[in-house]
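# Analysis of the macromolecular model
Each chain, letter by letter, is given below.
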Amino acid sequence: MNTETITQTLIQVRRQRPLVHNITNVVVTNFTANGLLALGASPVMAYAKEEVADMARIAGALVLNIGTLDEEKVTSMILAGKAANEAGVPVIFDPVGAGATAYRTEAAARIMNEVKVDVLRGNAAEIANVTGKQWEIKGVDAGSGAGNTRELAKEAARRGQMTTVITGEEDVIASEDSLILIHNGHPMLTKVTGTGCLLSAVIGAFCAIEQNTVLAAASAAAVYGIAAEAAMKMSGEEGPGSFQVEFLNQLSKVDARNIEAFARVETFN
Amino acid sequence: MNTETITQTLIQVRRQRPLVHNITNVVVTNFTANGLLALGASPVMAYAKEEVADMARIAGALVLNIGTLDEEKVTSMILAGKAANEAGVPVIFDPVGAGATAYRTEAAARIMNEVKVDVLRGNAAEIANVTGKQWEIKGVDAGSGAGNTRELAKEAARRGQMTTVITGEEDVIASEDSLILIHNGHPMLTKVTGTGCLLSAVIGAFCAIEQNTVLAAASAAAVYGIAAEAAMKMSGEEGPGSFQVEFLNQLSKVDARNIEAFARVETFN
Amino acid sequence: MNTETITQTLIQVRRQRPLVHNITNVVVTNFTANGLLALGASPVMAYAKEEVADMARIAGALVLNIGTLDEEKVTSMILAGKAANEAGVPVIFDPVGAGATAYRTEAAARIMNEVKVDVLRGNAAEIANVTGKQWEIKGVDAGSGAGNTRELAKEAARRGQMTTVITGEEDVIASEDSLILIHNGHPMLTKVTGTGCLLSAVIGAFCAIEQNTVLAAASAAAVYGIAAEAAMKMSGEEGPGSFQVEFLNQLSKVDARNIEAFARVETFN
């Protein structure tokens, strides 16, 4: 993947302003909506079982996030996911905290059984959990090192026949037959809640206008990481409050010039 | 309406700090509370059917917003709305996304059948939908032009016997026998989620201390638009993250001098 | 309590990054998570009755907040609280708005009957309400003066055999046999929603690593107040939007030097 692909995809997102339907958690709702707006997409949150199928059908992408799940939300996610599948609307799934409790593990499995997921995004521990792999979990972090993360992403992609994105020190985007690494981003992202969740939503916006979900997800991850680096340059040592504000600013500003200058992409086929 | 009315109404809001009871959507809850606090009002969010009637009765205004509705919230909105009606507490209704799904359209109609709404606020497409009018919807925007928006507001006001506020390039405030246009505001407001929802809540704060709902709503819209213009001056080209922060700052600062200098109001009787 | 205790407790929070399980209200969820992250703790929000007990057991502290309660949340709070009690995980309870409606008063009482609360935190009116005391409520403020607040905190602590924190102009931390006053903080905190709720969560983070709940709560209140004062120095006259951003920055920065220079603590035994 070259930088021109990233730039063109971003331009199309801003031109088409795709409607991204989010069924997400209560912690990150506002940040997700503001992040999508800043980027140039059009967010909508709709959760009621009476309307989620209708909303998913008219959306450009559907993003499911189990961060604060309950039975009603799981029901709505499955209804929305099936409607999206039928309408050809790409589905992004973010299995927040899968493995932390038995209920989350089970709910994530249930959603993936009922809905064809196009892009799965999480940290290594979450992806290992939904792929049924043993994974050494150290605190909230996923252990073992970058090499294994790549293998894990490839295996998850093969088993689930879906693009898999594992974010961390490097972002790994894998399909059954390709692998892209994005080396952009900044550790300050871990000091602001919902930065992983918002990336899943941004991947949704890119998938809405680019059918190749590997290119879409990798472009989204690159734009996101470049915005984070720019936000760190602007907010410097001020702290996580200023970084969050500046990150929203920078999501609205990333352009061809930044992408050309700062994208760090490795492609394997 | 002259600028002195706007200033006096704002001063009374800050002096009396009215309690504004919000039943609103999960995207904008925090922003709504912080916006009301910045302005000088006193926000409360309470949603449980067991307490909404009690809370609505002691509030200065009740604001109902269907942005992320479900059956429980609709039930609570109707209970709260009826209690507010009985207690003489003004009710502001924001039919977010009415028309986007059949469920929203139906729920908005149900609420308006059961509750006497004092002020209805939305964009042109939402107001057209709840008024039963055909309206050309272009994406998330409402088409057709300013002249029609004024007619639409007047018709909605006549049919529903309530003050109707349509926000957009110009804000139109209509009752059965009067029309006020507010030409303040800035397009950057559309880059921050919940700015329409917060305006509905701010209208609630103004209605809590001014019984003439047309003057209250128009004063609220003017103060809001002036704060947005001031926030743009302060945040300049920084982006939507900085604008949101500065907008909260400016809501706390709008005063007689700004209002005198910047309010752009047209009144028709 | 000396400043060295405060510093050492803060250092341990940052070193151990305790998992703080919050069942909280929809207004403050994002701010609570970002505040805990900025401080150096690890927030998790989990509400479903199917998983709250599992999550509470693996947490360092459990924080229950009834700001936007409903029956499902009360059920989850009681399940989580009992699991925390059995596992020896400290429970912090924030009875937001107790007394404002009969339902809140009753729900707060129910939770305190079913769950052993280790630290109770609220304003004077809320603490009086859950302690069954008459208290003159003036608007959203609790009347009567500082002397009475100390007596109230001591009585609540005695009756409930728990550390009680009453925040206001001075923060009062009382157990059955000790009393600490913290004179840090700034009135601007009342212009940002959720600053009381976030303090309850921060007390949770401190209780996760310090078994003496009086020292933990007093250290948390001191760090919190010092961060607020630093944020005011940085944001100056800018307003509540900038203050909130700067407050998150300063939560990440408070250190031994600030604590040594600015902590204003009075200890009575």
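Keep in mind it's a predicted model, so treat the numbers as computed, not measured. (Residues numbered from 1 in each chain as written. Chains lettered and ligands numbered in written order. Predicted model: local features only at pLDDT ≥ 70, side-chain atom pairs only at ≥ 80, totals over all residues. Heavy atoms only, no water.)

### What about the UniProt feature "binding site: substrate" (unreviewed entry) in chain A?
Using the following cut-off: UniProt positions are given in the numbering used here, feature names are shortened, and annotations may be inferred rather than shown by experiment. Helix numbers and strand numbers start at the N terminus; a helix is a DSSP run of H or I with at least 4 residues, a strand a run of E with at least 2. Classification of residues uses two cut-offs on accessible area relative to the type maximum, computed with a 1.4 Å probe and protein chains only: under 20% is buried, over 50% is exposed, and between them is partly exposed. Any two residues whose heavy atoms approach within 4.5 Å at even a single point are treated as in contact.
As annotated in UniProt, the feature "binding site: substrate" (unreviewed entry) corresponds to A:M45 and A:G194 in the numbering used here. As for its position among the elements, A:M45 is in strand β2 (residues 42–45). Take A:M45: its relative accessible area is 5%, and that puts it in the buried class. In this view, A:M45 contacts A:N22, A:T24, A:T29, A:T32, A:A33, B:V27, B:G67, B:T68 and B:R104; residues no more than four positions away in its chain are not counted. Take A:G194: its relative accessible area is 10%, and that puts it in the buried class. Look past the residues within four positions of A:G194 in its chain and what remains in contact with it is A:V28 and A:F31.

### Description of the relation of the copies chain C and chain B
Our working rule: Only residues with pLDDT of at least 70 in both copies count here: their C-alpha atoms drive the least-squares fit that superposes the copies.
Between chain C and chain B, the superposition needs a rotation of 120° and an axial shift of 0.0 Å, giving an RMSD of 0.0 Å. The superposition operator between the copies reduces to a three-fold rotation axis. For chain C, the residue whose C-alpha comes nearest the rotation axis is C:V26, separated from it by 3.9 Å. When the interface residues of chain C are mapped onto chain B, a mere 7% of them are again interface residues, pointing to distinct binding faces.

### Some remarks on the sheet that holds strand β1 (residues 19–23) of chain A
All names here are of chain A. Threshold: We call two strands paired when DSSP finds no fewer than two bridges between them. Simply put, an axis is a line fit to the C-alpha atoms, just over the touching stretch for a helix, and the angle between two N-to-C directions goes from 0 to 180 degrees.
The strand order β2-β1-β3-β4-β5-β8-β9-β10-β11 describes an open sheet built from 9 strands, whose pairing is mixed. What marks the edges here is a single partner per strand, and that holds for β2 and β11 (265–268). Each neighbouring strand pair of the sheet contributes to a mean axis angle of 15°, computed without reference to strand direction. Each of β5 (119–122) and β8 (163–166) is contacted by helix α6 (residues 124–131), which is oriented at about 130° to β5, the strand it contacts most. Helix-sheet contacts for helix α9 (residues 213–235) involve β5, β8, β9 (171–174) and β10 (179–182), and the interaxial angle to β10 is about 5°.

### A few points about the interface of chain C and chain B
Heads up, the condition is: When two parts are put together, the accessible area they lose, computed with a 1.4 Å probe and summed over both, is reported as buried area. Here, a salt bridge means any side-chain nitrogen of Lys or Arg that lies within 4 Å of a carboxyl oxygen of Asp or Glu. Charged residues are taken to be Asp, Glu, Lys and Arg, nonpolar residues to be Ala, Val, Leu, Ile, Met, Phe, Trp, Tyr, Cys and Pro, and polar residues to be all remaining types, Gly included.
The partner chain B presents 23 residues to the 28 residues of chain C that form the contact. Here chain C meets chain B over a buried area of about 1900 Å², counting both sides, of which 55% is carbon and sulfur. Across the contact surface, chain C and chain B share 1 salt bridge. With a closest N to O distance of 2.8 Å, B:E51 and C:R104 form a salt bridge. For the side of chain C that touches chain B, the secondary-structure elements that each account for two or more residues are α4 (71–87), α5 (102–114) and α10 (240–251) of chain C. Its residues assigned to classes, the side of chain C that touches chain B comprises 12 nonpolar, 9 polar and 7 charged.

### Concerning the relation of the copies chain A and chain B
Take chain A, turn it by 120°, move it 0.0 Å along the axis, and it overlays chain B with an RMSD of 0.0 Å. The fraction of interface residues of chain A whose copies in chain B are also interface residues is only 9%, indicating that the copies meet through different surfaces.

### Considering the UniProt feature "binding site: ATP" (unreviewed entry) in chain A
Residues and elements named next belong to chain A. Selection rule: Definition of a polar contact: a pair of N or O atoms within 3.5 Å, with one able to donate and the other able to accept a hydrogen when the atoms are protein atoms, and with sequence-neighbouring residues admitted only if both atoms are side-chain atoms.
UniProt annotation of "binding site: ATP" (unreviewed entry) refers to R121 and T167 when read in the numbering used here. Look at the named residues: they lie 47 residues apart in sequence, but the longest C-alpha span between them is just 7.5 Å, so in the fold they bunch up. Position of R121 among the secondary structure elements: in strand β5. Apart from the residues within four sequence positions on either side, R121 is in contact with F93, D94, P95, I127, V165, T167, G196, C197, L199, S200 and I203. Side-chain polar atoms of R121 contact the side chain of D94, separated by 3.0 Å. Within the fold, T167 resides in the loop between β8 and β9. Residue contacts for T167: discarding those within four places in its chain leaves R121, G122, N123 and L199. At a separation of 2.6 Å, a polar atom in the side chain of T167 contacts the side chain of R121.

### Concerning the interface of chain A and chain B
Between chain A and chain B, the contact holds 23 residues from the first and 28 residues from the second. For the pair chain A and chain B, the two sides together bury roughly 1900 Å², of which 55% comes from carbon and sulfur. In terms of surface lost to chain B, no three residues of chain A exceed A:N30, A:L37 and A:E51, which account for 23% of the buried area on that side. Counting the contacts that link chain A with chain B gives 1 salt bridge. If you list the elements that add at least two residues to the side of chain A that touches chain B, you get α2 (29–39), β2, α3 (52–58) and α10 (240–251) of chain A. Of the residues forming the side of chain A that touches chain B, the biggest block, 6 residues, is contributed by α2(A). Across the side of chain A that touches chain B, the residue classes tally to 11 nonpolar, 6 polar and 6 charged.

### Observations regarding the pattern of salt bridges
Applying the stated rule across the entire model yields 36 salt bridges over all chains. As a salt-bridge pair, A:E229 and A:R264 come within 2.8 Å of each other at their nearest N and O atoms. You can see A:E229 sitting in helix α9 and its partner A:R264 sitting in the loop between α11 (256–262) and β11, a full 35 residues away along the chain. For A:E229, a relative accessible area of 12% translates into the label buried. The residue B:E155 makes a salt bridge to B:R159 at a minimum N-O spacing of 2.6 Å. Residue B:E155 and its partner B:R159 are located together in helix α7 (residues 146–160), separated by 4 residues, close to a single helical turn.

### A closer look at empty space enclosed by the protein
For the record, the criterion: Of the two site types, the cavity is a set of points on a 1 Å grid over the protein atoms alone where a 1.4 Å probe fits but cannot get out, and the pocket is an open set with protein on both sides within 12 Å along at least five of seven lines, each lined by residues with an atom within 4 Å of a point. Grid points are joined across faces, edges and corners, and a volume is the space filled by probe spheres set on the points.
All chains considered together, the criterion is met by 4 cavities of 30 Å³ or more. Around the largest cavity, the lining is made up of 32 residues, and of these A:N30, A:Q244, B:Q244, C:N30 and C:Q244 lie nearest the centre. Of all the secondary-structure elements, those providing two or more residues to the lining of the largest cavity are α2 and α10 of chain A, α2 (29–39) and α10 (240–251) of chain B together with α2 (29–39) and α10 of chain C. Classifying every residue of the lining of the largest cavity gives 17 nonpolar, 15 polar and no charged.

### Examining the side chain of B:D171
Residue and element names in this part refer to chain B. Test applied: Positive charges come from Lys and Arg, negative ones from Asp and Glu, while His and the chain ends are left out of the count.
Following the sequence through the fold, D171 ends up in strand β9 (residues 171–174). Buried and without a salt bridge, D171 has R121 as its closest oppositely charged side chain, separated by 6.9 Å. At 3.4 Å, the side chain of D171 and the backbone nitrogen of G168 are in polar contact.

### Comments concerning α4(C)
Residues and elements named next belong to chain C. Inclusion rule: Here a helix's expected span is defined as the number of its residues, less one, multiplied by 1.5 Å.
Compared with the 24 Å implied by 1.5 Å per residue over 17 residues, the 24 Å span of α4 between its first and last C-alpha is a close match. All of the buried residues along α4 are K73, V74, S76, M77, I78, A80, G81, A83 and A84. Here the buried face of α4 lies against β1 (19–23), α3 (52–58), β3 (61–65), β4 (91–94) and α5. Two or three places before E72, at the opening of α4, D70 has a side-chain oxygen 3.2 Å from that residue's backbone nitrogen. Note on α4: the residue one or two positions beyond its end, G88, has a positive phi of about 75°.

### Digging into the packing of helix α8 (residues 195–209) of chain A against α9(A)
Residues and elements named next belong to chain A. The test is simple: Should an angle lie under 35 degrees it is considered roughly parallel, over 145 roughly antiparallel, and from 65 to 115 roughly perpendicular; all remaining angles are considered oblique. In this scheme the crossing of two helices becomes right-handed for a clockwise turn of the near helix relative to the far one and left-handed for an anticlockwise turn of less than a right angle.
Closest axis-to-axis distance for the α8/α9 pair is 8 Å, and the angle between their directions is 130°. In terms of axis orientation, α8 runs oblique to α9. Note that α8 runs across α9; the crossing there is right-handed. Between α8 and α9, the contacting residues are T195, L198, L199, V202, I203, F206 and C207 on the first element and T213, A216, A217, S219, A220, A221, V223 and Y224 on the second. Taken together, the residues of the contact of α8 with α9 break down into 12 nonpolar, 3 polar and no charged.

### Here's the deal with the sheet that holds strand β2 (residues 42–45) of chain B
Backbone hydrogen bonds hold the strands of a sheet together, and the pairing may be parallel or antiparallel. Residues and elements named next belong to chain B. Read across the open sheet, the 9 strands follow the order β2-β1-β3-β4-β5-β8-β9-β10-β11; overall the sheet is mixed. A single partner strand is all that each edge strand has here, and the edge strands are β2 and β11 (265–268). Ignoring strand direction, the axes of neighbouring strands in this sheet form an average angle of 15°. When strand β10 (residues 179–182) meets β11, the two strands line up antiparallel, connected through 4 bridges. If you follow L179 over to β11, its bridge partner there is F268. Against the sheet, α2 touches β1 (19–23) and β2, its axis set at about 155° to β2.

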